[in-house]
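Observations on chain architecture
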Amino acid sequence: EDQVTQSPEALRLQEGESSSLNCSYTVSGLRGLFWYRQDPGKGPEFLFTLYSAGEEKEKERLKATLTKKESFLHITAPKPEDSATYLCAVQAAYSNYQLIWGAGTKLIIKP
Amino acid sequence: KAGVTQTPRYLIKTRGQQVTLSCSPISGHRSVSWYQQTPGQGLQFLFEYFSETQRNKGNFPGRFSGRQFSNSRSEMNVSTLELGDSALYLCASSFAGTANYGYTFGSGTRLTVV
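Residues numbered from 1 in each chain as written. Chains lettered and ligands numbered in written order. Predicted model: local features only at pLDDT ≥ 70, side-chain atom pairs only at ≥ 80, totals over all residues. Heavy atoms only, no water.

A word on the environment of glutamine 6 of chain A
Residue and element names in this part refer to chain A. Its location among the elements puts glutamine 6 in strand β1 (residues 3-7). On the basis of relative accessible area, glutamine 6 is assigned to the buried category, the value being 8%. Sequence spacing of glutamine 6 and serine 71 is 65 residues, and the spatial spacing of their C-alpha atoms is 9.5 Å. Aside from chain neighbours lying at most four places away, what touches glutamine 6 is Asn22, Cys23, Trp35, Tyr86, Leu87, Cys88, Gly102, Ala103, Gly104 and Thr105. Separated by 2.9 Å, the side chain of glutamine 6 and the backbone oxygen of tyrosine 86 make a polar contact. (Helix = DSSP H or I, 4+ residues; strand = E, 2+ residues; numbered from the N terminus. Buried < 20%, exposed > 50% of the residue type's maximum accessible area, 1.4 Å probe, protein only. Contact = heavy atoms within 4.5 Å. Polar contact = N/O pair within 3.5 Å; in protein donor to acceptor, adjacent residues only side chain to side chain.)

Okay, here's the thing in structure tokens:
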């Protein structure tokens, strides 16, 4: 069964304390892996799409990497405004373009 | 460039009533997906429409339905509302629904059933 698991469920960091969020997946053939950021009461905001193992993408303090089994979202020197829930989703190659979503990691950055 | 517009933003309905939510995608986007989000269940996929045809459907009862118009605007309808239908309903639009183009979400409609 296709599955996406994110860990940890919640993460509290001090401002400036770097860390990583994990998204592990099991699909038969990956078409793409998405990272989104969601603030309370709002819709998810697109961050990155990764397509193949070894690929990396960066945006400000965020860097996403992809292997054959998992993706990491690395946060370098985070600021309080980086606090949000980070969601991961995958699209399987054989699927009819449907996304499979993880439950998200709630990130809290304390000043 | 206008984003994805969902109306209304907030809605309070009584159990047993029905409700219609609207989603206007980004201009040129032909795929519209609907999701239900609750604190306990996360993002749950309802259905996806592409060029007026339902392309994918999640595991929700038949009380949940949708449609897409020729201008790509989409509506979802929930009949015979239950208390458990209280949630944030999100729609996401994409040019073609493929990974290459990503998905853009609206701000959602917060539905409360009392």
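Picking up after the structure, the text goes on.
Considering the pattern of salt bridges
All names here are of chain B. Under the defined criterion, the tally for this structure stands at 9 salt bridges over all chains. Ionic pairing is found between glutamate 82 and arginine 63, a salt bridge with its closest N-O pair at 3.6 Å. Taken as a pair, glutamate 82 in the loop between β8 (74-78) and β9 (87-94) and arginine 63 in the loop between β6 (53-57) and β7 (64-68) lie far apart in primary sequence, 19 residues in all. Under the relative-accessibility criterion, glutamate 82 is labelled partly exposed at 41%. Overlapping salt bridges bring together Arg63, Glu82 and Asp85 as one network. (Salt bridge = Lys/Arg side-chain N within 4 Å of Asp/Glu carboxyl O.)

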